[in-house]
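# Coordinate analysis (summary)
Here is what each chain is made of, one letter per residue.
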Amino acid sequence: MTAPVPDDKLRLGGMALRNGLLVHGPTQWAAAVRARDGSIKVASGRKPDLGGNAAERVPGLRGVAKLAEAMTVIPLVKRALPEARLPMQDVRTLGAMGVAALAGQAVRRAAARSLAAREATVALISVAPALMALRTGDLAAYHGVEHKAIAAYEADGDAAEAGKEHDRCGSHLVAPMLTAAALGNVAMRRAGLRGPAAEAVVGLGSAAVAVEVFSWSERHPDSRLAGLLRRPGHGIQRAVGTREPTAEQLEVGSAALAEILRVEASSA
């Protein structure tokens, strides 16, 4: 069962950094990182408005708008907090992204497999760099910090005692997004469409589908289907996506949480 966000609490989301945590509120963002000298650095700012609220009642478009807003925050975080290390800010992960891109092209050129099998394989290859990123450094631990900090805030509990898995984690987008991308690419290629524009349309469409599936699951938390849809995401979190954080890492999460609550309150 998924507990809804209490009416007296802000709906918060976040993104784990390699050395800290970024938290999104309704209108603001806040980040805290552990600097090389051991101190905690904190920064915050207003989230860009790309029409996410205006598109709230438009299925498909609302998800893309919200994801775009979340992505535009990242350069703002780096500008305000240069010490922040992003999830993909690692030589090995960047190398894995390059290898995955080349492997995807090679699979698409292979004639031994059916078109559907090739696109399903390409979709799976595309997530390999993200999984590698979670396996290196402290990223998985800070992913656990994200879940524990937000869960504790919503339940008025202790972050150290909260679970490291969460039903609103972005990992629940992975399975529907990969499925939609594979099906979309099959349809695109059978229609004879090629090129960056067609691939961009499939990418945006698969993201929109994934967000709608995610939102439906949140609106129907006790249904059997919602449980099945969340199973791959929880499996990712359990296997590679999260790790129990240390007290020092939880301290960074507390700093990020305190800052987002402060700036959201001051902007109300």
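Before reading further, recall that the structure is shown in the block above.
This write-up is about the structure you can find in this document. Just so it is clear, the structure is predicted and the values come from calculations on it, not from any experiment.

Quick notes on the rules
- Residues numbered from 1 in each chain as written.
- Predicted model: local features only at pLDDT ≥ 70, side-chain atom pairs only at ≥ 80, totals over all residues.
- Heavy atoms only, no water.
- Helix = DSSP H or I, 4+ residues; strand = E, 2+ residues; numbered from the N terminus.
- Expected span 1.5 Å × (residues − 1).
- Contact = heavy atoms within 4.5 Å.
- Pairing = 2+ DSSP bridges.
- Axes fitted to C-alpha atoms, helices over the stretch in contact; angles between N-to-C directions.
- Buried < 20%, exposed > 50% of the residue type's maximum accessible area, 1.4 Å probe, protein only.
- Phe/Tyr/Trp six-rings, centres within 6.5 Å; stacked < 30°, edge-to-face > 60°.
- Lys NZ or Arg CZ within 6 Å of the ring centre and 35° of its normal.
- Salt bridge = Lys/Arg side-chain N within 4 Å of Asp/Glu carboxyl O.
- Polar contact = N/O pair within 3.5 Å; in protein donor to acceptor, adjacent residues only side chain to side chain.

Another point: helix α7 (residues 196-219). Side chains that are three or four residues apart share a direction in an α-helix, a result of its 3.6 residues per turn. Across its 24 residues, α7 extends 35 Å between first and last C-alpha, which sits within 8% of the 34 Å expected from 1.5 Å per residue. Of the surrounding secondary structure, the elements contacted by the buried residues of α7 are α1 (61-80), α6 (174-190) and α8 (224-241).

Although it is not a glycine, Asp156 adopts a positive phi angle of roughly 55 degrees. Along the polypeptide, Asp156 turns up in the loop between α5 (139-155) and α6.

On to the sheet that holds strand β2 (residues 20-24). Strands in a sheet are paired, the pairing made by backbone hydrogen bonds, and the direction either parallel or antiparallel. Spatial ordering of the open sheet is given by β1-β2-β3-β4, a layout of four strands whose pairing is antiparallel. Only two strands of the sheet have a single neighbouring strand rather than two, namely β1 (13-16) and β4 (40-46). This sheet shows a mean twist of 15 degrees between the axes of neighbouring strands, independent of strand direction. Here five bridges tie β2 to strand β3 (residues 28-34), and the two strands are oriented antiparallel to one another. Each residue of the ladder has a partner; that of His24, found in β3, is Trp29. Here α1 sits on the sheet in contact with β1, β2, β3 and β4, set at roughly 50 degrees to β3. Across the sheet, helix α9 (residues 247-267) lies against β2, β3 and β4, angled at about 155 degrees from β3, the strand it touches most.

Its 21 residues give α9 an end-to-end C-alpha distance of 30 Å, which sits within 8% of 30 Å, the value for a rise of 1.5 Å per residue. Those residues of α9 that sit buried are Gln249, Leu250, Val252, Gly253, Ala256, Leu257, Glu259, Ile260, Val263 and Glu264.

As a further point, take the packing of aromatic side chains. This structure, assessed with the given rule, holds zero aromatic pairs. Residue placement shows Lys9 over the ring face of Tyr153; its charged tip is 4.8 Å from the ring centre.

Here we take up the pattern of salt bridges. For the structure on display, the rule yields ten salt bridges. The partner of Asp138 in a salt bridge is Arg243, with the nearest N and O atoms 3.6 Å apart. Linking Asp138 in the loop between α4 (128-135) and α5 with Arg243 in the loop between α8 and α9, this pair joins segments that are 105 residues apart in sequence. Take Asp138: its relative accessible area is 36%, and that puts it in the partly exposed class. Two residues, Lys148 and Glu244, come together in a salt bridge whose shortest N-O distance is 3.3 Å. Here Lys148 is found in helix α5, whereas its partner Glu244 is found in the loop between α8 and α9, with 96 residues between them in sequence. Glu244 sits in the partly exposed class, given a relative accessible area of 46%. Here the salt bridges share partners, and the residues they tie into one network are Glu119, Arg189 and Glu199.

Take the side chain of Gln237 next. In this fold, Gln237 is placed in helix α8. Within the structure, Gln237 has its side chain in polar contact with the side chain of Ser171 (distance 3.1 Å). Excluding residues that lie within four positions of it along the chain, Gln237 makes contacts with His147, Lys164, Glu165, His166, Cys169, Ser171, His172 and Thr242.

In summary, the side chains of a regular strand alternate between the two faces of the sheet. Counted residue by residue, β3 has six buried out of seven residues, so it is predominantly covered. Adjacent in sequence and paired antiparallel, β2 and β3 are bridged by three residues. As consecutive antiparallel partners, β3 and β4 are separated by five residues, and within that stretch Gly38 has a phi angle of approximately 95 degrees, a positive value.

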